[in-house]
Structure formats: structure tokens, C-alpha cells
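Listed below, chain by chain, are the residues.
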Amino acid sequence: MNKPEKVTLFIQCLVDTVFPETGAAMVTVLERLGLKLDCPSNQTCCGQPAFNAGHQREARAAAVKFLDIFEDAEVIVCPSGSCVNMVRNHYLELFADDPKMLVRAQAVSMKIYEFTEFLVDVLGVESVGARFPHKVTYHASCHLNRFLGVDRQPRTLLAHIDDMTLIEMKDADTCCGFGGTFAVKYSEISGAVLEEKVQNIVDSGAEVVTGCDMGCLMNIQGMLSRKNIPIEVKHIAQLLAEK
Amino acid sequence: MSTIAPEKYKENASKGIADPVLQKALGGLQDRLGPATEKLYNSQPEGHDMRPRAHQFRRKAIDNLDVLLSTLADKVRGHGGIVHFAKTAEEAVEICKKIALENDVKTVVKGKSMVTEEVGLNLALEKEGIEVYETDLGEYILQLSGEGPTHIVAPAIHKTRREIAELFTEKLGTPYTEDPPTLTRYARKALREKFLKADMGISGCNLACAETGHIVTVSNEGNIRMSTTLPKIHVAFMGMERIVANLEEQQSILRLMSMGAAAQEIGGYVSYVGGPAQADHSDGPQEFHLIIIDNGRSKILADPEFREMLCCIRCGACLNVCPVYGKIGGQAYGSPYCGPVGAVVTPLLFGINTSADLCAGETLCGACKQACPLEINLPRMLLALRSKLSDGDPDWQVQPKSKGENLLFSGWQRLNNNRKIYDTLLDLMRMLQHLLPAKQGMITRLPWPFSGWTANRNMKKLAPKTFMQQWKETKEKKDS
Ligand code: SF4
């Protein structure tokens, strides 16, 4: 794919409502690369929480709305691996029995990218000229890593940030225990899984933990804060926007 | 002996999480086996094709189950074996009981077999006054202590040396020692007597081969081979899905099963059994019975969404990487089938509503699928089960699980569909969140239905402005 004329932003609902600074950082990075951006302001959630909890009807409604809004885009970029997985993979399952919608879902499925995947695989960028003089550890989110197969891309981008020390934590690709409504409904189990993730982050000795999905990062931040552990949580876009 | 109680998932998970010995055992097991199995997969001469191909072998067998099973039955009969088909757990148990009673069986030795746990065989035989002995060391320990398994392949990993020492002293009357080789010797001696006096041996079947008409059992202790060759009668229990077409496919799957189960290239003892001892055999049973069990499998076979589950060979590889299993342990699942495989199989076999917590109580991280030697898509099937629980499904006798949750999500959908209402609600929540207890911009206690979140973590407050608002404002500035 050549450099697109215009990139349409799909902002994960958590980023929109709780972590807008992550969205702003992504905008900064993409604009520095000379891209023209567009962001449909009537977008909402892609339907993943409903889908994962088994509410397919509601997820389908969200998917229809998503397709209405985004299908004319040239390319769609999103700062969350699990949302991209929802649109790229699960929309196809949701519309498996509806040929007309399936065609629309397939078309969108082909042009949606997770942020780091877009930078590395589509634009061919490895360094965005960022500088971040800190010790950082990377959490490999499950949906991004296993269902999209995106791991090399964020790691490449991180490796090219000036003055940054990347420390590998133990079991970086083990789940943080988030799992959407699971974290609320099975809070004790979720907390136990998260506890181990947080311990591995602490043991790494990093000052900052980063990743490509605010869902997981919000979960990690929640326990770091509860335990008064002064490790900062930053989306990879925020690191890449630092100069 | 395990009872089926998946409805106690949360309660039992709590116990598991609070048990430091279990935590250590599970952590050690996962650290050891998860990476070792992955390494083995990546070093096979067949390359990365091996697992998808094995999946196809299994899938093909499942799609042609009727032909394969009748071929197997014919061949086994040809070798002088007796084949029984059991529709239900009760039928399977009855068949075995009848064989035992007709032959005046007093003592049974068993090789490890999950399907006999599934049908509740031990209890039924014991009720007839028959002594039943598990001969797999882990299973034997659990039988003595009266507990359910913590792991499919390593059922007693939660027991410490000390506990086993005390158990043996109490139940076997052996002198107290915590030395593992000595303890193993005690168990071996106790079991040897049972082997010698047993008049029936019972085993499961890891995988049957239709082409040759034999079943295969795999163990690392040699106990299954002994259970199936010493007593005069051998009864093998087999879930009707445990079959492949030919030897080549069987061999590849058995290798993968050993990698998944114990990070071995192949299990220590792989035994091929096709019937009773032939005239020129120096040992082996005089009678061989194969009981092929349906017990709900036809229903799974008939449902295209779940048919894939019949490909499972119960190796336990998915347990060794699952973050949830790694915290709660096997007993939490309330079924002989625990971990990710249990979360799908238990609802399908024992009822989706009673196992609702098993269906919903995972993170969908996908580690199980990645570790499965047959790449079985467990997360996909968990999602399908969840969908049945929210909508109900008469075919599976599923009642909608929670009207409240359904209402919440249909409300959510209406909100999500209209950005104006969505923004209005966000404004409202932004005002209300100031009433919640908070520390440095982090909410420390959320109200129902989100209270679970703040039981063990904080939550960042909603931002003063959404990204969309910020975007619009910057754009307007640029445009003006
Ligand atoms: S689902 Fe896969 S990994 Fe889990 S027990 Fe079955 S075959 Fe083994």
C-alpha cells in the first residue's frame, strides 16, 4: 500500500472517554509523518464488550453503525489491538449468515490497522524520531499479539526510541487479567491474574510500563495505583510522541 | 473421586487463590511445561505444518466417525474382542458392572482414565462390593485422600511431600518419610499386591486406530500396561470421538499429545491393544472388552459450532498456559475436565446453565489455542456458549442466564447508537463521579454493577473532555 491520502481515526471508546491524551499522542505522531487525518465524531464503541459477554445482537447493532461510519474511509487506524481484532475478525463472524453485510464487513476488515502495525507494515516506518530517556517495559496484549499477530511492530518502534532502555519483564505476553466484563464479574480471579502481571512489572525495575491497548493498561494502572506503586502507565503512542 | 459441581466455580476459585501451596505448584508447573512444550512444537522435523495437519486428521475422523467406529468395532471383534456401544453414562457403567458380576470380579486395577471419571465408574463398582484401585501414582494419592484432580495429566500436583507422607502413614501404615523415591516405593509395593490379585483391569483409550483396530494407551509409569495385561479381563473405556483413520495419523497425534501433556517427544509407555491375548502370546488378558461411550457426544457432533471440540485429545496443554487456571487450579471447575478444555467440555456434557460460570469466567486471551497441539479454537467456543447463555437456546435446553444483564446491554446498545445521548450520559457521569471516593484522580470505589473492579484496583476518572470534543475544538480553531 502506498502512503494514504487520508487516514481515518477510529478511537477506542476508552481512549475517547478516559484517556484522550493517548488519542492526541497518536494524532501528533501521524501528523509528524505528514499524514492528513480525519475523525468521524459520531463514532462510539465497536461492540466488543457486548460481543465478549455473549450479547451478539447488541454487538451486531454496534457493528452496523461502525460500518455505516467507516466504510468510505481509505484506511482506518486505531490505537487498540483488541478493537481492531473485533472489527477485522469478529465482524466477519457476526455477519456470517448475512451476505450483504458480510461483504461490507470484509471490505472494512481489509483496511483497518492497529496503530503500530500501520506505522511499520503500511508506512514502513521504524523510527519516528522520538526520545524518551527512561526505563520502559512492554506488555504484549493478548488480542494484539495472538489474534492479530502484531508483536514485532511495537517492539521495532520501541527499539528505535532514543535514549530509552527497554527491559523485558517475565511473561510479557501473559494476560493481564482484564477480559472486559470478566474483570468486574470475576473480580477476584481477574485480580489474582493481574497481581502476577503487576509483580512482573515491578520486578523488571522499569519506571514506565507501555503497551498498545488502553484496556490492559487501564487494568494495570488500576492496581499500580491501588498499591501506590509509582510506575507510570503510558500507551506506546505517548512514548512515540515524546521528543 | 470428583463430583460434578461447576456451579461452585467462584467459591472454589476463591479457595484456590487463597491456597499458597497450590499457587506455588501451579506457577512451577506452568513455568516448566508451557515454554518447554512450545519449544518442542518448534523443533519438529515436520515444521509448523504438523499441528494444522494433525487438526485436519482429527477433523476428518470426527466428520467420518460412523465409518471409523464401525471399522474399529469389526476389527476388534475380528481379534476376538467384545465391543459395546453405550449411549449414556449409566449404560456404560451397567455394561462394565455386568461383566464384573458375571465373572465374579473382586478387585479392579485401573489405569488413568478421564472418561471413567466422567461416567462415575468407581463409585458404581464399589457399591457392588468390588475393590477399585487407581494405579497412576497421582490418581492413587487422590483416591487415598478422597480429593478431586487439580490437573488433567498431573492430578495431584497440589499435594506437598509432607501431605503425601502423612497420607501414606495413615492409609498404608508405612513409616513416615518425606523422601520421594521411598514414598514411590511404598506406593509401588502397595499397588503391586493389588495388581497381582486383580481379576479385572480397566483403562481408558488415548486414541484408537480404525485401520488396524486397536486402542492406544500412553503412560509414564507403566501402570496402564500392567493393569491391562495382568488381570484376566481388560475393559477399555473410550469416548466415541477418540479415534483416527490410520497408523500414520495416529502416530503424529500421539507425538503431539505427549508434547502437549508433558513436553515429551513421546510418552514412556505406548501400548497398542487390539483384543485378548492370542494363542501365541505369552501374556495378556483372556477377555477384552471395548466400551465406546456417547454420553452427549452425538449432540456435540451434530452442532457445527461445537463439533471442533470433539477433536480434543485431553492432553492438558491448554491448562499449562492458561492464566486463569494458573490461579484457581483444577478443583475450581467442579468436573473431571478442568482448565480451558473443561470450560468448554463441561458445559457441553453436563449442562450449559449449571456451568454458566465456566463459560464466562475466562479472559479470552487465546493462550490455550496457541498451546493446543491441535490448535483447537477454545475461545471461539467460549464465545458461542456465552451467546447461548444470553439468548437462551432450546436445542441445548439453555435458559437466558440473566435478564438484568440483557437489559443492561440493550440499554448500552441504545446509548452506543446515538452519539448525542452518549455524550449527554457522559456529561452526567462526569458530574456524578465527583461524588465517588477518589485519590489523585483515581476512583477507589465504583457503584454496582462496576463494584467488582474496585474490589482490588482503582479506576481513572472520565476525562474532562472526550477525545471527540477535543478533536472538534482543534479543528474549529484550525478552520477559523
Ligand atoms: S483443548 Fe487442546 S490443549 Fe486442551 S486438552 Fe484438548 S487437545 Fe489438549
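Position numbers for residues count from 1 along each chain, tracking the sequence in the order it is written. Lettering of chains starts at A and numbering of ligands starts at 1, both following the order in which they are written. Since the coordinates come from a predicted model, pLDDT governs what is reported: local features require at least 70, and pairs of side-chain atoms require 80 or more to be given and counted, while whole-chain, interface and lining totals use all residues.

Chemist: Account for the overall build of chain A, with residues named and values stated.
Modeler: Scanning chain A for helices and strands turns up 13 helices and eight strands. Here the radius of gyration uses the C-alpha set of atoms, whereas the globule reference equals 2.2 Å times the residue count to the power 0.38. Computed over C-alpha atoms, the radius of gyration of chain A comes to 18 Å, within 12% of the 18 Å expected from 2.2 N^0.38 for 243 residues, which places it in the range of a compact globule. Its C-alpha atoms put chain A at 50 × 45 × 25 Å along the principal axes. Summarising the internal contacts of chain A: among those between residues at least 6 apart in sequence, 78% fall at separations of at least 24. Helix and strand definitions follow DSSP, with helices as H or I runs of at least four residues and strands as E runs of at least two, each counted in order from the N terminus. In this description, any two residues whose backbone-derived C-beta atoms lie within 7 Å of each other are considered to be in contact.

Chemist: An account of the interface of chain A and chain B is requested, with residue identities and associated values reported.
Modeler: Of the residues lining the interface, 50 residues belong to chain A; the matching set on chain B comes to 50 residues. Its residues assigned to classes, the side of chain A that touches chain B comprises 25 nonpolar, 18 polar and seven charged. Gly counts as polar in this scheme, as do all residues outside two lists: the nonpolar Ala, Val, Leu, Ile, Met, Phe, Trp, Tyr, Cys and Pro, and the charged Asp, Glu, Lys and Arg.

Chemist: Before we move on, can you summarise the pairing of strand β7 (residues 233–239) of chain B with the specific residues and values?
Modeler: One face of the sheet, then the other: side chains in a regular strand alternate in exactly this way. Residue and element names in this part refer to chain B. Most of β7 is tucked away, with seven of its seven residues classed as buried. Put simply, a residue is buried when 20 or more other C-beta atoms lie within 10 Å of its own C-beta and exposed when 12 or fewer do; between those, it is partly exposed, and each C-beta is set from the backbone. Residues Ile 233, Val 235, Phe 237 and Gly 239 of β7 are buried on one face, and the alternating residues His 234, Ala 236 and Met 238, pointing to the opposite face, are buried as well. Strand direction decides the pairing type here: strand β4 (residues 200–203) and β7, joined by four bridges, are parallel. The residue of β7 that forms the bridge with Ile 202 is Val 235. Pairing between two strands requires that DSSP report at least two bridges joining them. Relative to strand β10 (residues 287–293), β7 is paired through seven bridges, and the arrangement is parallel. Looking at the pairing, His 234 lines up with Phe 288 of β10.

Chemist: So what's going on with the sheet that holds strand β6 (residues 214–219) of chain B? Which residues, and what values?
Modeler: Residues and elements named next belong to chain B. Here we have four strands laid out as an open sheet, ordered β8-β5-β6-β9, and mixed in their pairing. With one partner strand each, in any of the chains shown, β8 (243–244) and β9 (269–273) form the two edges of the open sheet. Judged from the three bridges that link them, strand β5 (residues 207–209) and β6 form a sheet pairing that is antiparallel. The residue of β6 that forms the bridge with Ala 208 is Ile 215.

Chemist: How would you summarise the domain arrangement of chain B if you had to cite specific residues and measurements?
Modeler: Domain delimitation follows an automatic or database domain assignment. Assigned domains within chain B: domain 1 (6–298) and domain 2 (403–479). Centre-to-centre, using C-alpha coordinates, domain 1 of chain B lies 52 Å away from domain 2 of chain B.

Chemist: Account for the nonpolar core, with residues named and values stated.
Modeler: Nonpolar side chains tend toward joint burial in soluble globular proteins. Here a nonpolar core is just a set of buried residues of the types Ala, Val, Leu, Ile, Met, Phe, Trp, Tyr and Cys, joined wherever their C-beta atoms sit within 7 Å. Ile 220 of chain A together with Phe 237, Met 238, Ile 291, Ile 293, Cys 318 and Val 344 of chain B are the most contacted members of the largest nonpolar core, which has 216 residues in total. Setting aside its immediate chain neighbours within four residues, Met 238 of chain B contacts Val 115, Cys 205, Ala 208, Ile 215, Leu 290, Ile 291, Ile 292 and Ile 293 of chain B.

Chemist: Which residues make up helix α21 (residues 467–479) of chain B, and what values do they have?
Modeler: Over its 13 residues, α21 of chain B runs 18 Å from end to end, which matches the ideal 18 Å to within 8%, given 1.5 Å per residue. Structurally, α21 of chain B contributes buried residues whose contacts are with α1 (13–17) and α2 (20–32) of chain A. To estimate how far a helix should reach, multiply one less than its number of residues by 1.5 Å.

Chemist: Would you mind going over the environment of Gly 81 of chain A in detail, with residue names and values included?
Modeler: Residue and element names in this part refer to chain A. Following the sequence through the fold, Gly 81 ends up in helix α5 (residues 81–94). With 35 residues separating them along the chain, Gly 81 and Thr 116 place their C-alpha atoms 9.3 Å apart. Excluding its chain neighbours within four sequence positions, the residues that come into contact with Gly 81 are Glu 114, Ser 141, His 143, Leu 144, Leu 148, Val 150, Cys 212 and Asp 213.

Chemist: Please give an account of unusual backbone geometry that cites residues and values.
Modeler: Residues and elements named next belong to chain B. In this chain, Trp 448 is followed by Pro 449 through a cis amide linkage whose omega measures 0 degrees. Here Pro 449 is to be found in the loop between β12 (442–443) and β13 (459–460). For Glu 375, which is not glycine, the phi dihedral falls at a positive 50 degrees. Take Glu 375: it is sitting in the loop between α17 (367–371) and α18 (378–391).

Chemist: Mind laying out the environment of Met 214 of chain A, listing which residues take part and the relevant values?
Modeler: Residue and element names in this part refer to chain A. Mapped onto the elements of the fold, Met 214 is located in helix α12 (residues 214–226). Taking the C-beta count within 10 Å as the criterion, Met 214 has 27 such neighbours and is therefore assigned buried. Sequence separation between Met 214 and Pro 4 is 210 residues; the distance between their C-alpha atoms is 26 Å.

Chemist: A description of the sheet that holds strand β7 (residues 208–211) of chain A should follow, citing residues and the corresponding values.
Modeler: Residues and elements named next belong to chain A. Reading across from one edge, β6-β5-β7-β8 is the order of the four strands in this open sheet, with parallel pairing throughout. Edge strands, defined here as strands with exactly one partner in the open sheet, are β6 (165–167) and β8 (232–235). Strand-to-strand twist of the sheet, defined as the mean angle between neighbouring strand axes without regard to direction, takes the value 35 degrees. Here strand β5 (residues 135–138) pairs with β7 via three bridges, running parallel. Paired with Tyr 138 across the bridge in β7 is Thr 210. Relative to β8, α12 is tilted by about 170 degrees, and along the sheet it contacts β7 and β8. As a rule, the C-alpha atoms of each element are fitted with a line to give its axis, helices using only the stretch in contact, and angles between N-to-C directions run from 0 to 180 degrees.

Chemist: Please set out the domain arrangement of chain A residue by residue, giving values where relevant.
Modeler: Residues and elements named next belong to chain A. Domain parsing of chain A yields domain 1 (6–121) and domain 2 (126–240). Taken together, the 30 residues of domain 1 in the interface contact 24 residues of domain 2. When contributions to the side of domain 1 that touches domain 2 are tallied by element, the ones reaching two or more residues are α1, α2, α3 (48–52), α5 and α7 (115–122). Its residues placed into classes, the side of domain 1 that touches domain 2 shows 15 nonpolar, ten polar and five charged.

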